[in-house]
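The residues making up each chain are set out below.
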Amino acid sequence: MSVKRTRRLGPLQWKWWKRQIFLLHRWLGIVLCLFFAAWFVSGIFMMYVEYPQLDKQERLSGAQALNFSTAGINAAEAVAKLSAADYECNATLREILCSPSASPAVPIIAERVRLAMLLGRPVYYVKALGTARSRGVFADNGEILEIANSTLGERVSQNFYSRLHGNSISPQVHFLGMVQTDQWTLSSSLNAHRPLLHFALEDDKRTELYVSSTTAEVVRDSSKNERVLNYFAAVTHWLYPTVLRKFPNAWAWVVDIVASLGVLLSITGLWIGWLRWKRKPKPGKPAIPYKGIMRWHYITGVLFGVVTLTWVFSGLLSMNPGKYNPSRSPNSEQRQLFTGTEQPVLVDAFPLLSPRFPKTAVSAELVHFNGRALYRIVNRNGRQQQLDALTGEEFIADVDVLKRLARKLVPEEDIISIDLMKNYDNYYFSRHPERGGKPLPILRVIFGDDDNTWFHIDSTSGELLEKSTSVNRVYRWLYNGLHSWDILWLWERRPLWDIAVIGFSLGGFSLSSLGVVVGWRRLRQSV
């Protein structure tokens, strides 16, 4: 009977491999420790300085009260004004792409219809099925909103600023030009609005506004402080210089490569630390076989090496390499179970010319629940409510109906539980609920399928919010948990969260900075 023996590395082979590990760590560190140090410092800045955006509170405060009393056409008539020719162009971060339709006069199918006001006039914003952009149709005379120019954009900017700040007179507005992309408009969510009209206001904050060329709405704002501080925050942390980020594939490739090498650097550093630790030092000899700065680099590595590894690894996961984290959006069939319609919006179900809205309403969207046509209203304070499209009565979903519909979400699979959640938990929460975050209360529906699928349903509106599988929830901890320390217990006990994150970030910065010094000293010796 033969015995299979495991081949082991001989002393000379093991010594050679250890040498390669040391060299790999050294040369990776010479390059990447600068990135690590910058990531730790910029991460602290990002805790308190957000990338410029028009948040929900600003958008609602700057909006006009919804008033369709002068409307001359209803939603179906507004959609009929548009055709495929109105949606021939799409935008990227770099360019406008137009593909003439083979049948430009073909009517569109509306995917989303939103009601709003533009300089005192009621307007329908219509997004066609399969397109990214929305086109506006004025409700008072049926005129299609053309591409916005600087004159219109200036009036919109002044009107928005006055309402946002409660001033009857806005400061002087200067048109800075039409921009496809700049440092503060790199979000892909703005692609539907490009090119953007860029304006500067002569106020104390040196505010700059960006107006959509397609909807003539303010879609982004920034102050001088935000712009300056973000060079030390998001621009550094996300590797977000415009020259790189406007090429999304190249940017993603760079981030993936740098972060992957960072993971390798961290692992080799921890391994070397373990190999070099003298578990039974000789009398008079220290357990740490280094002196000077190298000794402190070793100590900080022991203290903060693991958290450095988890941070750079979770940063890599932010890019969803390999697309391992599946989409959390319910599919169209699952949404249809709750809307009760085959199409996203049946505009014929909204026949009223001048629906009455609350005085505090600033926008409304055409939605359906279980076949019933509803206006989903957003009020200035952020509160949402739904009104019946025919009677105007407020609508609140019946929980028993929601439970009945929920059972059909995953056919032929049993439901383990349906729970009414009135508070956030680690799998459904908002960092800033005061800004109008995720709604509460909700229903959590848990299925017993192989993917252990969960669904979250707004118990008031009946909207199917999101789904998640076991993979999503594991990924949530590996990314959000390790990178942002999104642990509800810790977040709810600020400033404990701040102290912990800043403390470990400073530790990681010390480790990285010492690595820079050690690496460059070695490089000078080599040269």
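Predicted model only: the values in this text are computed from it and were never measured.

How would you summarise the sheet that holds strand β3 (residues 110-118) if you had to cite specific residues and measurements?
In space, the seven strands of this open sheet follow the order β5-β4-β3-β10-β11-β12-β13, with antiparallel pairing throughout. At either end of the open sheet lies a strand with only one pairing partner, and these are β5 (134-138) and β13 (394-395). Relative to strand β11 (residues 372-379), strand β10 (residues 361-369) is paired through eight bridges, and the arrangement is antiparallel. Along β11, the bridge assignment pairs F369 with R372.

Any chance you could break down the nonpolar core for me, citing the residues and the numbers?
Soluble, globular proteins show a tendency: their nonpolar side chains are buried together. Core analysis: the biggest nonpolar cluster contains 36 residues, and F36, W485 and W497 have the highest contact counts within it. If you list the elements that add at least two residues to this core, you get α1 (11-46), α6 (234-237), α8 (248-276), α9 (292-317), α13 (488-491) and α14 (496-526). With six residues, α8 is the single largest residue contributor to this core. In contact with W497, not counting residues within four places along its chain, are M47, R431, S484, W485, L490 and W491.

Mind laying out the packing of α8 against α9, listing which residues take part and the relevant values?
The description of two helices packed together rests on the angle between their axes and the distance between the axes. Two numbers describe how α8 lies on α9: the axes approach to 9 Å, and their chain directions differ by 150 degrees. In terms of orientation, α8 and α9 fall into the roughly antiparallel class. Our pair here, α8 against α9, has a crossing hand that is left-handed. Each of D256, A259, S260, G262, V263, S266, I267, L270, G273 and R276 in α8 lies in contact with α9, whose residues at this interface are Y298, G301, G305, V306, T308, L309, V312, F313 and L316.

Please give an account of the sheet that holds strand β7 (residues 196-201) that cites residues and values.
Strand order across the open sheet formed by four strands is β6-β7-β8-β9, with antiparallel pairing between neighbours. Each of the sheet's edge strands pairs with one partner strand only, and the pair in question is β6 (173-179) and β9 (218-222). Strand-to-strand twist in this sheet, taken as the mean axis angle between neighbours without regard to direction, amounts to 25 degrees. Judged from the four bridges that link them, strand β8 (residues 208-212) and β9 form a sheet pairing that is antiparallel.

So what's going on with the environment of R295? Which residues, and what values?
For R295, the location among the structural elements is in helix α9. Note on R295: relative accessible area 31%, which makes it partly exposed. Considering only alpha carbons, one finds R295 and S187, 108 residues apart in sequence, at a separation of 43 Å. Once residues within four sequence positions are removed from consideration, R295 is found in contact with P286, I288 and Y290.

If you had to explain the side chain of S222 to someone new, which residues and values would you point to?
By the element assignment, S222 lies in strand β9. For S222, a relative accessible area of 2% puts it in the buried group. A polar atom in the side chain of S222 sits 2.9 Å from the side chain of R227. Not counting chain neighbours up to four residues away, the residues in contact with S222 comprise P52, R206, T207, E208 and R227.

So, how was this worked out
- Residues numbered from 1 in each chain as written.
- Predicted model: local features only at pLDDT ≥ 70, side-chain atom pairs only at ≥ 80, totals over all residues.
- Heavy atoms only, no water.
- Pairing = 2+ DSSP bridges.
- Helix = DSSP H or I, 4+ residues; strand = E, 2+ residues; numbered from the N terminus.
- Core = buried A, V, L, I, M, F, W, Y, C linked by side-chain atoms within 4.5 Å.
- Buried < 20%, exposed > 50% of the residue type's maximum accessible area, 1.4 Å probe, protein only.
- Contact = heavy atoms within 4.5 Å.
- Axes fitted to C-alpha atoms, helices over the stretch in contact; angles between N-to-C directions.
- Parallel < 35°, antiparallel > 145°, perpendicular 65-115°, else oblique.
- Left-handed = near helix turned anticlockwise from the far one by under 90°.
- Polar contact = N/O pair within 3.5 Å; in protein donor to acceptor, adjacent residues only side chain to side chain.

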